[in-house]
Each structure stands twice: as structure tokens, then as C-alpha cells.
Amino acid sequence: MAELIGLYREIINTTARFVVRFRLRLLELAACKRITRLSLSSQRCYTSDTSNSSADHLSSGLERYKDLQKFFNRRLKATYRRFSNIPDHSVVCGHHHVYFVEGDGIYRVDKRQGDLEPEQVLNLGQISGGEERTAFKNGERKQRFQWTVQRIRLSPQEKHLAATLKTTHIEEPRCVVVRLQRRTSPPLDTQHIILTLDKVFSFEWATDEVLFYTTLEGLRCSRVFRLDLTSSRSRITSVFEETRPDVFVEVVLSRDRQILSINCNTRTSSEVLLIDTATPTLEPLLVQPRQLDLLYHVEHWRRRLIILTNAGPGQEYQVVQAPLSEPSMVSWVSLFAPGPGTAIKDMDVVGDHCVLTVRTPADELALTVVPLTHPKKAYTVQLPPWACAIETKKPGLAEQREVLEFLISSPVHPPVPHCLYPEDGLLLSEDGSSLENQGNYTTTRLKACSQDGTLVPVTLFHAVPEEGLRQAPLLAHVYGAYGRDLHMEFCPDKRLLLEQGWALAYCHIRGGGERGLSWQRQAREEGKQKGVEDLQACLQHLFSLGFSSPSLTALTAHSAGAVPVGALCNRHPHMMRAVTLQAPFLDVLGTMEDPSLPLTLEDREEWGDPIGNPKHRLTITSYCPLCNITPQRYPSMLLTAYSSDARVPLAGVLKYTEQLKKAIHTYLTTNPKSECEPAPNIVLNIQPGANHLGPEDFELMLEEEALNLGFLYTELSLDPPRAQRKRKR
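How each quantity is defined
- Residues numbered from 1 in each chain as written.
- Predicted model: local features only at pLDDT ≥ 70, side-chain atom pairs only at ≥ 80, totals over all residues.
- Heavy atoms only, no water.
- Salt bridge = Lys/Arg side-chain N within 4 Å of Asp/Glu carboxyl O.
- Helix = DSSP H or I, 4+ residues; strand = E, 2+ residues; numbered from the N terminus.
- Buried < 20%, exposed > 50% of the residue type's maximum accessible area, 1.4 Å probe, protein only.
- Pairing = 2+ DSSP bridges.
- Axes fitted to C-alpha atoms, helices over the stretch in contact; angles between N-to-C directions.
- Parallel < 35°, antiparallel > 145°, perpendicular 65-115°, else oblique.
- Contact = heavy atoms within 4.5 Å.
- Nonpolar A, V, L, I, M, F, W, Y, C, P; charged D, E, K, R; others polar.

Asks: Sorry if this is basic, but what is going on with the pattern of salt bridges here?
Replies: On inspection of all chains with the given rule, the structure shows 27 salt bridges. Across the salt bridge formed by K394 and E204, the nearest N and O atoms sit 3.7 Å from each other. Of this pair, K394 sits in the loop between strand 28 (389-392) and strand 29 (404-410) while E204 sits in strand 12 (residues 200-205), and the two are 190 residues apart along the sequence. Accessibility expressed as a relative area gives 36% for K394, which makes it partly exposed. Between E593 and R617 there is a salt bridge, with the nearest N and O atoms lying 2.3 Å from each other. With E593 in the loop between helix 10 (588-592) and helix 11 (600-607) and R617 in helix 12 (residues 614-623), the pair connects residues that are 24 residues apart, well separated along the chain. What emerges from the salt-bridge pattern is a single network uniting R82, R495 and E499.

Asks: Explain the sheet that holds strand 26 (residues 365-371) to me, please; I cannot follow it from the model alone.
Replies: Either a parallel or an antiparallel arrangement is found when strands of a sheet pair, and the pairing is made through backbone hydrogen bonds. Ordered by their spatial adjacency, four strands build an open sheet running 24-25-26-27, and the pairing between neighbours is antiparallel. The open sheet terminates on both sides in strands that have one partner only, identified here as strand 24 (343-350) and strand 27 (379-382). For this sheet the average axis-to-axis angle between neighbouring strands, irrespective of direction, equals 25°. In this structure, strand 26 lies alongside strand 27, joined through four bridges in antiparallel fashion. Pairing of L367 across the sheet is with V381, part of strand 27.

Asks: When you look at the pairing of strand 14 (residues 220-229) in this model, what are you seeing that I'm missing?
Replies: In summary, the side chains of a regular strand alternate between the two faces of the sheet. Counting buried positions over the ten residues of strand 14 gives nine, a clear majority of the element. One ladder, built from eight bridges, connects strand 13 (residues 210-217) with strand 14; its direction is antiparallel. Each residue of the ladder has a partner; that of L216, found in strand 14, is C221. Following strand 13, the chain reverses through two residues before pairing antiparallel with strand 14; G218 in that reversal takes a positive phi of roughly 60°. Across seven bridges, the pairing between strand 14 and strand 15 (residues 234-241) is antiparallel. Paired with V224 across the strands is F240, a residue of strand 15. Linking strand 14 back to strand 15 in an antiparallel pair, the connection comprises four residues.

Asks: What exactly am I supposed to notice about the sheet that holds strand 23 (residues 333-336) here?
Replies: Taken in spatial order, the four strands of this open sheet run 20-21-22-23, and their pairing is antiparallel. Looking at strand neighbours, the two that pair on one side only are strand 20 (296-301) and strand 23, the edges of this open sheet. Looking at each pair of strands side by side, their axes are set apart by 35° on average, direction ignored. Pairing of strand 21 (residues 304-309) with strand 22 (residues 318-323) involves six bridges; the strand directions are antiparallel.

Asks: Help me out: how do you make sense of the packing of helix 3 (residues 66-82) against helix 6 (residues 492-499) in this one?
Replies: Think of two packed helices as two axes; the pair is described by the angle between the axes and how far apart they sit. Running from N to C, helix 3 and helix 6 point in directions that differ by 110°, and their axes come no closer than 9 Å. Taken together, the axes of helix 3 and helix 6 are roughly perpendicular relative to one another. Judged by residue contacts, R75, L76, T79, Y80 and R82 of helix 3 engage P492, D493, R495, L496 and E499 from helix 6. Taken together, the residues of the contact of helix 3 with helix 6 sort by class into four nonpolar, one polar and five charged.

So, in C-alpha cells, the structure goes:
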């Protein structure tokens, strides 16, 4: 046992000691760069224009929040600084080097000679050098591309490095392929960049000379290419092309690096082709032809396939196996099926074990370990009850394959490294954070009864004693679409709210994936109303238990999460005082009626087809936030949209905002009694350049978060928090 603990600590600390000195040295320089970028940034905002005195509140715009925005910007910077050293999986381990990302590029240090200065293997300035984009039509100002590193992949013998780079202005990443050589002085120049590939989404090395990758065209990945590198030249050939418009294609390497899979997925079905990296031809082999409502994902173990599929009872995920030589469905043999109420969320093959991330009937995360040689001896490893998110690490080229490293976190708890030894059932953790950073708060898991009797999970965080929660402000989070779980990784801004006395609720409504595949199916197409009913039930349940009140409640959502929020605002606007929406999807009917938009055909499996199916049209019309705006008192809203967002059309956000303002104006002018109450503020903040996920620049991201906090404190009539003074000794 002592040996394993010592080994684990060595695994946790080895990579850190090579990079921490260098990162600390760059921290001050990076802060200076961020401040400079902030002074050059700009933001365009749209607000309403009305002449009526009752509606003046609608037209005052963002100015009313500016002072609080500046205040919270400072508080957020301090909070992010507190958690600046939280662990992550950004470090990539090769056979002899450790690779990591800093602001100006990718660096590496030699593990055999730890005292050497880090060596830069990719300078981002070389990629963006000379490329500028005009920010204004008159050409008065130009803005240089700011690339950030997304992913890094090393070839098997560490001869080449490939990395995808992203900039705020475009959705499609760029891939750079670098030849890795012995340490040079002076540093590497552009001659070691072999080539750049535009619009690359996923990419994996099959050998040291062969890279497979997919390209992104209009938010669709449909083609797979093969890059062959030789001493004299490079050659690119097309390997696979998907013709169905609703299929998304990506390449993935198995954990043991023996199999490269081409995954071709729709919202409801899968088809996988395999490339055996040990064969010289590297030709794709089909696993199982596509079938309606059949999903499957493939891993490799000892020339056999370990497959996670929904071919089991109730179309929920189970684990099966098949020979690599005969991978089709007729050869699938069941290995493990979870018990009732347990949902499989992810799968890793670690040594001779299949490790499953599961959500238990109590809505807690756990690990189920299935010995592949004796699957009936499966056992469960409990995780801390506060754990809400888990991020597993893909092993480096020289790292142990029999150990699973992962991070667990929650929205208010920073990530904690863990290490699982499946052979021994040993789980070790290394929580090096201070007691102050761990915090003193409560995680409560509740169930709200929806209109049809379904119990909907709610995760609640609070630091305030329960007897004081009635007066505590509440921020409720929601998504409920595409079978995706709510984002519950650590967020410093959520931790700041918790420390200032807020309660944070995460409503796991149907349409998401928290309770398994059926949880999504129940709120798809004609069942979309159930997500709205679930959200209403969650809020009512929280209020009935004494958690906050409608006048102190705000809702927040991103993208498709705006649909249940917008629908609830139309039906029961008095259940909340304020709403913040980022990249909000609000015109469901208009978007799904336009097949020329990039995601309309793909999204029909989620929202329905209002053109070809009258029932779908009727359902969409009944809940679509834009279609159901009516003159009444709405909560105040801050809608943040991004001008380069290709996923949510900006026209729908503009149309929703204008119609909402008109409806509020009509209500205020036709109801004299409404003058006694403050009018709601509807603010549309359009940020230039950013895509669907928002700004990637740290300072711009802080500005957006600070604005959201300033808006919430203003609209809920809360006093800004006071800084705690340290006692003098």
C-alpha cells in the first residue's frame, strides 16, 4: 500500500515540477499582456429606444451596470488568482519530454534533465504573423489574430507534434504539424513547421508518419483525410466521406493507441469504422452498419472490441465485447449491464479492466470497475458526495496504462486529482488545496415532482445556514437538450457567488442526459414541453422547502437552455426576478423552418420538423419563446449574443428582443397600476467577433462575467458585497 501511495504521488508531481518554475516566471508578464489587450478591446451593445417615461427603464442600457461591472471585475480577478494553481490535464507527456502551453506557444522540458530551460517548439506568432483582420469597415483599426492552443497530439515515437489552434473570430480551428528535433540553439524557427491545415476538427496519429484528420465545413464534419509525411514531401489523400447531412464525423484513438476509429454519429444513431494501426495498409473496417436508434462507441482490448452500446434493455447503455476480426452486432456478447436507476456516462479501458463512470439512483457520481477476464466480479468505487464532474486523463506515450488518472470537481469545488488502480480497487486522492479554497458549504441533492409525476433531480449548493436561505438570492441553472448534462465543472465565478451568500441550484430537467438516454428521449420533439414543466417544478419545490423566493431568484442558461427559460418566462414570469442568457436559442420555429441554416437538418431529431410534420409544428409553436411573447410583466433580462455565432442566428435574438420590448411597453401603457412597480430592464449585449462559446480572451471573458454579476445584483436589488478585512494581529 505504501508503495502505491508513493508511486501515485510521483505520478501527480512529476510533470508539475518541470513546468511550475517556468509558469511562475511568466505569470507577471502574462498579466501585463492581458491588461494591454483589455485596453484595446471594444464592445458593442444594443438597448431599446422608447419615449414613454414608464419605458425609460428599457432604454437606459448597460450604463447602469458599469460601476458594478468594474467592481466585480476586480473581485473576479482576485478569485481567479486564488485558484490559479488548480490542477488540470493540459500537460502532455512524451517518452522523454513534457509539453505544456503558455501564452505565446507550446514548450517542452526534458524529463531526463530537469534543470534545463524550457524549449519552445511552436511560436504562435509564426502562425499569425502578418495576418490581420479589419475591425471596422473604414479600416481605421486593425486587429491581429490571437491564436490559442486547443489540443496537442504526439506521434508514437515523439517525432512529430500536431496541434489545433483557435481564434475568437472563426469557428474552424487550424492544425499545425511540427517536426520535433533535438534541442537547438537558437530556438526552433519556422523551418520545423512542416505544414498547416485549415478547418481541422479532430486528428490522431496512426504512426510517426501518418496523421488522420477531419475537416469542419459549415459546422459539419463529413470527410476524413490522411496525411503521409516522408523525408522529401507530404501527401494528403481522402479516406472517407459521409453523404448524410445529419451525420457528424470524427477520428478517435483508443486508449492503448492500437485502434483508430472513425465515428459517424447522428443524434440517435452510430456507425464506426476501425483502422488497425499495426497493419501496414491502415484501411478502414466497418464495425456495424447504421441502424435506427442504435448508438455505440468502441474501445480496444487484446485484439477484442469493448463496446458501449444502447442495445440493451430499455435502450440504455450496456457493455458488450466482440472479436476484432468479426466486429458486427451478431458477434456482440454482453459483459455488463447496470442496475435499475444507474446510468452509464463514460467508459475507459484501463489495463485488463473496463472502468465506467456512472450516475447512481441517488444522482451521485461513482466508478464501476468491470474485470474483463471476470466480468461477473464487477465492483463499485464511491466518490466524494460533492463530486459533480469527472475528467479522465488520456495516458501519455510513456505513462502507465494500468492506472486511471482523473479530476473530480463541482461548480464550487476546485478539481482534485485522483488515481484509480483497478487491479487492487485502490482509489487515491491528492487534495493539495488549502482549507480556504475547499470552502465550507453544503451540497444537497433534491428531487422535484413534475406535472406527470416524474422526479426531477436538483443539485443545490449553499454556504448560508438553512434557516437563513429564505432571504438568500438564488441562481438557477438549466439546459435540457441534446442529451447533454448540465455543465458542472468548477467555475470561480460560481464560487464567488456562493461565498457572497447565494444559493446555486442546478435543475437537471428532461432533455439532458443526467438520468440516461431515456431522460433525453422523453423531452425530444413532441415531448419538449416536459422540460419546461420540469423547470417549473424545480423552482416550486425549492420555494416550498424555504430556499429563497421569486423576488430573489434569477435564472441563467446558455444556447438551447434558453428554450425552457424563455418558455417559463412566457407562462409564469413572476417565478423569477431576473434572467441572464448567453448565445440564446429563442426562435425555435423560425430556425427549424430554414433548412439553409447549418444545423437545421441535424437538429430535426431534437426539435422536430415543422415543415414536414404538422404535429411537430404545433408542438414547437406551443413552447417557442419567440412565438409566445405576450403583454405582461416579464423579469429583467440580459441577453448576450456573439456576432460571429454560426450556431444560433443573431437575427432570432434581435427579433426576440424587439418583440419582448414591445410587449412590455404595451403592458406598461395599458395597465396604469404597473407604474407603482419598477419596469423590467431588457438589455441586448452583442459582442463582436466571439463565436458561440463566447470570448476566448481572458479579459473579455472577465468583463462578460462581471457584467452578468452587476446585472444580477442590480435587478435583485442586492447590496454589493464588502471585502472581508483581515484582522490585525
